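# Understanding the architecture of this molecule
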Amino acid sequence: MYHRALEYDERNPDLHFNLGVVLMDQGRNNEALEQFNKALDIEPDHEKALELSAMVMQDSGTPNQKHLARLRLERIVDRGKETERVYINLGLVAVENRNFQSAEKMKNPSSREALYNLALLLSEQLREAEAITFLDQLLKNYPGHINGLLLLADVNVNYLKNLDTAEECYMKVLQLDASNQKAHHNLCVVYFERQDYESAERCFVNILSMHPDNLHPASSGCGKEHPEARSEQRVWTSGWPSVC
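Residues numbered from 1 in each chain as written. Predicted model: local features only at pLDDT ≥ 70, side-chain atom pairs only at ≥ 80, totals over all residues. Heavy atoms only, no water.

## Some points on the overall build of the protein chain
Heads up, the rule is: Put simply, DSSP marks the helices as runs of H or I at least four residues long and the strands as runs of E at least two long, and each gets a number from the N terminus on. Relative accessibility decides the category of a residue: with a 1.4 Å probe and only protein chains considered, values under 20% of the type maximum give buried, values over 50% give exposed, and everything between is partly exposed. Two residues form a contact once any of their heavy atoms are found within 4.5 Å. Working definition of accessibility: Shrake-Rupley area with a 1.4 Å probe, residue cover restricted to the visible protein chains.
Along the protein chain, the regular secondary structure elements total 14 helices and 0 strands. Each helix and strand of the protein chain, ordered N terminal to C terminal, gives the series α-α-α-α-α-α-α-α-α-α-α-α-α-α. Here the protein chain holds 244 residues, and 45% of them are scored as buried. Partitioning the intrachain contacts of the protein chain with sequence separation of at least 6 by distance along the chain shows that 46% fall at a separation of at least 24. As displayed, the protein chain offers around 13300 Å² of accessible surface, 47% of which is attributable to carbon and sulfur atoms.

Structural data, given as C-alpha cells:
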C-alpha cells in the first residue's frame, strides 16, 4: 500500500516513515532504516523517524551507527520534543556506549527505567553522590524496585560506608524476593565488614545450604539479574568477601 502511495507522492516523509514501521515490524531493519532515512532527508526534524531510526541503529551493534543514534535522540531533546521513551532510549544508548555526557541530558526523567539507568551510569562513573539523588527519587516512587535497592545498598557499602542503610536495603529486597542470592550474599558481607564474624559465618553457611551448587559467587554471578539491570555483576576478586 505504502509502496504504491509513494509512486504518487514520493516526497511525503510520513509515507516513508510508515513504510519503515511496517518493515521494522517484519524484522527487515535495514530496509526500515532506509525508509526512515528517506523521511529524514525530506524532513530532517521528523521526530518519529529520528527516534525509530535511532532504535534500529542502536541494535545494529556498529559503533558509527550507535554514535549517530545518540545524535538523533539528542536532536529530539534539543528541540524540546522529548518524550519519556526518548529519555529511556537515550539512557540505554549511553549505558552501552558509556557516554555519560549524553545521559545527563535527560532532564527530570520520571520513569523507573530512566531513573535507574541514570543512577547506574553515575555510579559507574564513580559519581555516587549524584547517583543517590536519582536512587532516592526512584525508590520514593517505586519502593519495590529490586535493582534500585541493590544499587543503593552497593553505594552505601562501597562509598558511604553506611552498613546500616545497606542492611536495610538488602532486607527489603529479601522481603520482596526471599531467594535473591545477591541480597543474601551481600548481607553476609555487611556482617563481615562489621567484624561480626559469627553472624557472617552463619549467613554464608545458610547460603550454601540454600544453593549448594554455588560454592563461589563467581560461579553464579550472585544470582540471576533482574531484567532492568544493565551493570556487570561484581564477584570476589581475592580471599576477602566483597559486595557483588
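## Things to note about the packing of helix α10 (residues 146–160) against helix α11 (residues 163–176)
Rules: In this analysis an axis means a line fitted to C-alpha atoms, helices contributing only their contacting stretch, and an angle means the value between N-to-C directions, from 0 to 180 degrees. Here the angle decides the label: under 35 degrees means roughly parallel, over 145 means roughly antiparallel, 65 to 115 means roughly perpendicular, and every other value means oblique. Rotating anticlockwise by less than a right angle from the far helix to the near helix defines a left-handed crossing, while the corresponding clockwise rotation defines a right-handed one. Any residue outside Ala, Val, Leu, Ile, Met, Phe, Trp, Tyr, Cys, Pro, Asp, Glu, Lys and Arg is labelled polar, Gly included; the first ten of those are nonpolar and the last four are charged.
Two elements in contact, α10 and α11, have axes whose closest approach is 8 Å; the angle formed by their N-to-C orientations is 160°. As the angle between them shows, α10 and α11 are arranged roughly antiparallel. Viewed along their axes, α10 and α11 form a crossing whose handedness is left-handed. Residues I146, L149, L150, L152, A153, D154, N156 and V157 of α10 pack against L163, T165, A166, C169, Y170, K172, V173 and L176 of α11. A class-by-class count of the residues in the contact of α10 with α11 yields 12 nonpolar, 2 polar and 2 charged.

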